[in-house]
Amino acid sequence: MRILTVANHLGARGGLERTQLTNCAALAARGHRIDLIFVTAGDFAEDWNRITGAMVQIAGSLPHRHRPSSSTRALVSAVRSGVRLRPDVVYVYRYWDIPYAVAVGLGARAPIVFHLCLPPPRVVPRWLRICLRRVAVTLAVSHDTASRWAGTGLRAERTTVVLTGVDLGRYTPAAPSARATTRRDLGAPEGAFLVLYAGRIGREKGVDVLVRAFALVCGAYPDSLLVVVGSPSLGADPEDSTRYERELRDAAQGLPVSWIPARPEVVDLV
């Protein structure tokens, strides 16, 4: 089967990027051809290159309101690139890629599979509702995630919950010496109450709730440390994610918080 998958950033912004790469690698290992449409390259690009038949970079999967004419022309070109790959199925992970997938799917006569990992936007625009009705199959990472999309246009009868697996060969308990080394690298005392967040910096993640809760923890455990590993999301509204990160840092002023940019591996931290 020829599977065309669509990605925004080929790098470690959060668990979704890792999940998409892992699932597509498993599909490639089963003999399927994986082709990739992407917007920006990152530290996962070499991994993608090893499993894909073709990698095509586009300017974006949606028109840009500040550049309506040029971005629309670029989008038309991107759709043609996807159709030329002659996919049997178009496989997407982000709701803002759905309109692009629908356009490619219509041109290639290929169904759309939506791997649902994220909550819906606070307001689901009409154009997205229309496109969501064109999704043939939805794979949701949990019943809760699926339920949040009720009434948006996704068909419940075509949704299947597929829990995200854990590779027990990759994620193994650390030896005490490794744990001590990691804490030392983070500047955390061995006995400190350590809280870790690793993922995208975006409002839907609720990191602001964590920061407020951690302020209460510090009152009971003065040696506490909060480690935030992540960078602003490159999703539907990256500018808002950048503003959100500034708000988080302002809210954490005076608290023992360590800010670490997104990184491709977090196994040692976990």
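Cut-offs used in this document
- Residues numbered from 1 in each chain as written.
- Predicted model: local features only at pLDDT ≥ 70, side-chain atom pairs only at ≥ 80, totals over all residues.
- Heavy atoms only, no water.
- Helix = DSSP H or I, 4+ residues; strand = E, 2+ residues; numbered from the N terminus.
- Rg over C-alpha atoms; globule rule 2.2 N^0.38 Å.
- Contact = heavy atoms within 4.5 Å.
- Areas by Shrake-Rupley, 256 points an atom, 1.4 Å probe, with all protein chains shown as cover.
- Lys, Arg positive; Asp, Glu negative; His and termini not counted.
- Charge placed at Lys NZ, Arg CZ, Asp CG, Glu CD.
- Polar contact = N/O pair within 3.5 Å; in protein donor to acceptor, adjacent residues only side chain to side chain.
- Expected span 1.5 Å × (residues − 1).
- Pairing = 2+ DSSP bridges.
- Axes fitted to C-alpha atoms, helices over the stretch in contact; angles between N-to-C directions.
- Buried < 20%, exposed > 50% of the residue type's maximum accessible area, 1.4 Å probe, protein only.
- Right-handed = clockwise from strand over helix to strand, strands pointing away.

From N to C terminus, the protein chain includes nine helices and ten strands. Relative to its length of 270 residues, the protein chain is compact, with a C-alpha radius of gyration of 20 Å against a globular reference of 18 Å. Look at the contacts in the protein chain between residues 6 or more apart in sequence, and 64% of them connect residues 24 or more apart. Summing over all exposed atoms, the protein chain offers an accessible surface of approximately 14,400 Å²; the carbon and sulfur share of this is 54%. Both charge centroids of the protein chain, one from 34 positive and one from 23 negative side chains, sit 9 Å from each other.

Among the structural elements, Thr-5 can be located in strand S1 (residues 2–10). Within the structure, the side chain of Thr-5 is placed 2.8 Å from the side chain of Gln-20, a separation counted as a polar contact. Residues contacting Thr-5, with those up to four places away along its chain left out, are Gln-20, Cys-24, Ile-34, Asp-35, Leu-36, Ile-37, Trp-48 and Tyr-91.

This part is about helix H9 (residues 238–251). Since there are 3.6 residues in each turn of an α-helix, residues three or four apart along the chain are aligned in direction. Under the 1.5 Å per step criterion, the end-to-end length of H9 is 20 Å for 14 residues, consistent within 8% with the ideal 20 Å. Close packing links the buried residues of H9 with helix H8 (207–220) and strand S10 (257–260).

Strands belonging to one sheet form pairs held by backbone hydrogen bonds; the direction of such a pair is parallel or antiparallel. Read from one edge to the other, the open sheet built from three strands follows the order S8-S9-S10, with strand pairing classed as parallel. Looking along the sheet, the strands with just one partner apiece sit at the ends: strand S8 (194–198) and S10. Averaged over neighbouring strand pairs, the angle between their axes works out to 15° when direction is ignored. Here five bridges tie S8 to strand S9 (residues 225–229), and the two strands are oriented parallel to one another. Note that in S9 the partner of Tyr-197 across the bridge is Val-228.

The next subject is the pairing of strand S6 (residues 137–140). Alternating positions in S6 separate cleanly, Thr-138 and Ala-140 being buried on one face and Val-137 and Leu-139 remaining unburied on the opposite face. Summarising the sheet, strand S5 (residues 112–116) and S6 pair through four bridges and their orientation is parallel. Within S6, the residue paired with Val-113 across the bridge is Val-137. Crossover connection from S5 via helix H5 (residues 126–132) to parallel S6: handedness right-handed. Pairing between S6 and strand S7 (residues 159–161): three bridges, direction parallel. Across the sheet, residue Leu-139 finds its bridge partner in S7, namely Thr-160. As for the winding sense of the linkage, the β-α-β connection from S6 through helix H6 (residues 143–148) to S7 is right-handed.

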